[in-house]
Amino acid sequence: MARTRTLAQTYRHFGEVDAAGKSSPLYARVAVALSESDRALSAIGTAPARKRHPAVVLAALHDLALAGRAPALAAAYAAADADAAADAAIDTLLCMTDPVVEIATRRRLRTDESGRGAVLYPAVAEAARRAGADAVGLIDVGCSAGLNLGVDRVGIRYGNGPSLGASSSPVQLSATIVGDRPVPARAMPEVVARVGVDPDPLDVSDADDARWLRACLWPGQPERAAMLEAEIALAATAPPLLLRGDAVDMLPDAFAHVPADALPVVTTTWALSRFPPERRLRFLRRLEEAAAGRPVAWVSAEGVGVAPTVPTLGDRHASGHSIIGLVELDRSALHAEALGRCWSRGRLLAWLAES
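Residues numbered from 1 in each chain as written. Predicted model: local features only at pLDDT ≥ 70, side-chain atom pairs only at ≥ 80, totals over all residues. Heavy atoms only, no water.

Novice: What exactly am I supposed to notice about the environment of Phe255 here?
Specialist: For Phe255, the location among the structural elements is in helix α11 (residues 247–256). Discounting chain neighbours no more than four positions away, the residues touching Phe255 are Ile139, Pro264, Val266, Leu287, Ala290, Arg294 and Val296. (Helix = DSSP H or I, 4+ residues; strand = E, 2+ residues; numbered from the N terminus. Contact = heavy atoms within 4.5 Å.)

Listed below in structure tokens is the structure:
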């Protein structure tokens, strides 16, 4: 009973606070309905404890709807009918408990969303400028589906400032600039390698993997869904190399895929927070080992104090924003700098570095 009450409270909080705060009336209603159904909570309770979170279970239900296996739920979502969605979600969960639990257990929740390119593009361009590089090889750690690896192929508009990237790209991003320093209007050099490292990467050319990416988006948000479709289509035209495995262990293999005459630029966007502190330091050691034979750059967008050696600018931990960091490594030399701050996963950006 205590477990059920705790699970019920978790789902109610998700519906009344999390989903409501993100303007998702469909998920708000569904989550509250699940919290009020003892049978639904019992079904959810058959999943491993770490896989009972509302966002994971709702994504599994959404995956079944997108696959055509839960037509009533799909129709309710399409019609934006919150009450019908609540009823259909409970029915689907009760009738298809095993498939829901299997998907939730097998899959990892993904948050591949637009906006990260707005942070990465100017930082990668700055790393290349400082290294005097005419070409870069991108290595994205925690890449999931590798959407960050197409950063040079998207268009980005910075408020009233510069437009960077590909103006004709089907993927167009925007960011609001905070402060009075503009983002440098500098083009990224040629990208000659795109390598992603993830424990469980998603291949956007695989129908099941692409559907899971869609399922992780909350229904009733057509603009975000359209952006993801454009990102998936763009990535599919030039699929990156995706390496499956531990990020720290696989980094040497990733570096081996970057041509010798290109600057390897490792990128992490809110990935290191999943690492315990000692593994973050091991990650940095891997970069230092690679830099023994060639210059290496690491561009990060991580919470304050998460990325080793990146200055915190005196900001507090868990302050609600992230630091855009650049670490340059060449043999025994290491230089770390905070290029800026960002909020809302890159939708607001304050550039701080001298250009």
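That covers the picture; the talk isn't over yet.
Novice: So what exactly am I meant to see when it comes to the packing of aromatic side chains here?
Specialist: Here the distance between the centres and the angle between the planes together describe a pair of aromatic rings. Under the definition given, this model contains four aromatic pairs. Ring plane angle 55 degrees and centroid distance 5.4 Å describe the contact between Tyr27 and Trp218, whose orientation is recorded as tilted. A residue pair is termed long-range when its members are at least 10 positions apart, and Tyr27 in helix α2 (residues 25–35) and Trp218 in the loop between α9 (207–215) and α10 (222–237) qualify at 191 residues. When sorted by exposure, Tyr27 lands in the same class as Trp218, which is buried. (Phe/Tyr/Trp six-rings, centres within 6.5 Å; stacked < 30°, edge-to-face > 60°. Buried < 20%, exposed > 50% of the residue type's maximum accessible area, 1.4 Å probe, protein only.)

Novice: Sorry, what's going on with the pattern of salt bridges here?
Specialist: For side chains bearing opposite charge, pairing can occur when the charged atoms are close. Summed over all chains, the structure comprises 26 salt bridges. With a shortest N-O distance of 2.8 Å, Glu16 and Arg12 are connected by a salt bridge. In this pair, Glu16 and Arg12 are both assigned in helix α1 (residues 2–21), four residues apart and thus about one turn of the helix distant. Of the residues examined, Arg12 reaches a relative accessible area of 29% and is grouped as partly exposed. (Salt bridge = Lys/Arg side-chain N within 4 Å of Asp/Glu carboxyl O.)

Novice: Just to check I follow, could you spell out helix α8 (residues 116–131) for this structure?
Specialist: Along an α-helix, a turn takes 3.6 residues, which lines up residues three or four apart on a common side. Spanning 16 residues, α8 covers 23 Å between terminal C-alpha atoms, matching the ideal 22 Å at 1.5 Å per step. Gly132 lies just past α8 and shows a positive phi near 65 degrees. (Expected span 1.5 Å × (residues − 1).)

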